[in-house]
Amino acid sequence: MTEPAAPKYTHGHHESVLRAHRSRTAENSAAYLLGSLTPGLHLLDVGCGPGTITVDLAALVAPGRVTAIEPVPAALDLARDCARERGQHNIDFVVADVHALQFPDNSFDVVHAHQVLQHVADPVTALSEMRRVCKPGGVVAARDSDYAAFTWYPASAELDDWLRLYRNAARANGGEPDAGRRLLAWAHAAGFTDVLPTASATCYGTPAERAHWGGMWADRILQSAIAQQLLDSGAADQAKLQAISQAWRSWAENPDGWLMIPHSQILCRV
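You'll find the protein entered in an unreviewed UniProt entry as Methyltransferase type 11, with Mycolicibacter nonchromogenicus given as the organism.

If you want it as structure tokens, here you go:
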């Protein structure tokens, strides 16, 4: 029997993508969840990425355990490396599809997904599965940004092109880049009745913050998976991608440059 094709992840795992993802911590990316964590809990981290949030969560719930999942083995290797480097040993790494988790009902006290539901084929099914494997009285937590609500200064036609191209590419891969505004509705559709919706924002305005974000996207639009996708589909040519890259560098160098990314968050009690 032929194995099913691996999911197509819009960002890919180029160094420019990992540069952004490795800056994520439990404090800056899962603060809304931290009050629900205590030592001894068992936690499922859906779409753990390079593992920086995962390892933080594992330290907070120890001696409980964290199960970190990704749909492809290569992605899990990144998280394994992070756990090894930081000496965190209470993490199990498992290849799994959030649409059809192999874990029994009521397996985890907490189920967490950071910036995942925007990429999956069926977020309601994903949340339903996350609910199924969570113990009664436990918490399912999800946080996703909302690309259409990104805002920046000064205005830039090339950055407008970047946003349009990204949103189109994400949807071509079966995702929903404007996931944030839909999280509450998806949770209700998945059967949750006790949901606390909140929001937070990431702001890039200092020189160091602009250099990080602008430099990252200047490289990413030329070298990561989305660059090849845009070229292969004919959505953009190399000249367009170069123009967008330069626009990100110009924005980063502008002392007035500012960007805000809104995130929606849900804490769902099972």
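Peer 1: Now, about the state of the cysteines: what can you tell me, with residues and values included?
Peer 2: Among covalent bonds in proteins, the disulfide is the one between the sulfur atoms of two cysteines. For the coordinates displayed, the defined rule picks out zero disulfides. The thiol of cysteine 134 is unpaired, and the distance to the nearest cysteine sulfur, on cysteine 268, comes to 9.4 Å. On the basis of relative accessibility, which here comes to 0%, the residue cysteine 134 falls in the buried class.

Peer 1: Which residues make up the pairing of strand E4 (residues 108–114), and what are the values?
Peer 2: Counted residue by residue, E4 has seven buried out of seven residues, so it is predominantly covered. Sheet analysis places strand E1 (residues 43–46) next to E4, joined by four bridges and oriented parallel. Counterpart to aspartate 45 in the pairing with E4 is histidine 112. With six bridges connecting them, E4 and strand E5 (residues 134–145) associate as parallel partners. Paired with valine 111 across the strands is valine 140, a residue of E5. Following the chain from E4 across helix H6 (residues 123–132) to the adjacent parallel E5, one finds a crossover that is right-handed.

Peer 1: I'd like a description of helix H9 (residues 207–223), backed by residues and values.
Peer 2: Taking 1.5 Å per residue as the helical rise, H9 with its 17 residues ought to reach 24 Å, and the 24 Å between its terminal C-alpha atoms agrees with that figure. The complete set of buried residues in H9 reads Arg210, Trp213, Gly214, Gly215, Met216, Trp217, Ala218, Asp219, Arg220 and Ile221.

Peer 1: Let's hear about the packing of H9 against helix H10 (residues 225–233): which residues, and what values?
Peer 2: Between H9 and H10, the shortest axis-to-axis distance is 5 Å and the interhelical angle comes to 45°. Judged on the interaxial angle alone, H10 and H9 are oblique. Crossing hand, H9 versus H10: right-handed. Mapping the contact onto sequence places Trp217, Arg220, Ile221, Leu222 and Gln223 in H9 and Ala225, Ile226, Ala227 and Leu230 in H10. Here the residues of the contact of H9 with H10 are counted per class, giving seven nonpolar, one polar and one charged.

Peer 1: Summarise the packing of aromatic side chains; cite the residues concerned and give the values.
Peer 2: Counting across every chain of the model gives 11 aromatic pairs. The interplanar angle of 80° and the centroid separation of 6.5 Å between the aromatic rings of tryptophan 213 and tryptophan 248 together place this pair among those described as edge-to-face. Residue tryptophan 213 is located in helix H9, and its partner tryptophan 248 is located in helix H11 (residues 238–253); the two are separated by 35 residues in the primary sequence. When its relative accessible area of 8% is taken as the criterion, tryptophan 213 is described as buried.

Peer 1: Tell me about the nonpolar core, and please be specific about residues and values.
Peer 2: The biggest cluster of nonpolar side chains holds 29 residues, and the ones touching the most others in it are Leu44, Val46, Val111 and Leu127. If we skip the residues at most four places from it in the chain, valine 46 touches Ile69, Val98, Val111, His112, Ala113, His114, Val116 and Met130. Judged by nonpolar contacts, the second largest core, of 28 residues, contains Leu163, Leu241, Trp251 and Ala252.

Peer 1: Residue-level account of unusual backbone geometry, with values.
Peer 2: Of note, the bond from alanine 62 into proline 63 is cis; its omega dihedral lies within 30 degrees of zero at 10°. With respect to the helices, strands and loops of the structure, proline 63 is situated in the loop between helix H4 (52–61) and strand E2 (66–70). Positive phi, close to 60°, is recorded for asparagine 106, a residue that is not glycine. With respect to the helices, strands and loops of the structure, asparagine 106 is situated in the loop between strand E3 (91–95) and E4. A positive phi is found at glutamine 115, a non-glycine position, where the angle reads about 55°. Structurally, glutamine 115 is set in the loop between E4 and H6.

Conventions adopted
- Residues numbered from 1 in each chain as written.
- Predicted model: local features only at pLDDT ≥ 70, side-chain atom pairs only at ≥ 80, totals over all residues.
- Heavy atoms only, no water.
- Disulfide = S-S within 2.5 Å.
- Buried < 20%, exposed > 50% of the residue type's maximum accessible area, 1.4 Å probe, protein only.
- Helix = DSSP H or I, 4+ residues; strand = E, 2+ residues; numbered from the N terminus.
- Pairing = 2+ DSSP bridges.
- Right-handed = clockwise from strand over helix to strand, strands pointing away.
- Expected span 1.5 Å × (residues − 1).
- Axes fitted to C-alpha atoms, helices over the stretch in contact; angles between N-to-C directions.
- Parallel < 35°, antiparallel > 145°, perpendicular 65-115°, else oblique.
- Left-handed = near helix turned anticlockwise from the far one by under 90°.
- Contact = heavy atoms within 4.5 Å.
- Nonpolar A, V, L, I, M, F, W, Y, C, P; charged D, E, K, R; others polar.
- Phe/Tyr/Trp six-rings, centres within 6.5 Å; stacked < 30°, edge-to-face > 60°.
- Core = buried A, V, L, I, M, F, W, Y, C linked by side-chain atoms within 4.5 Å.

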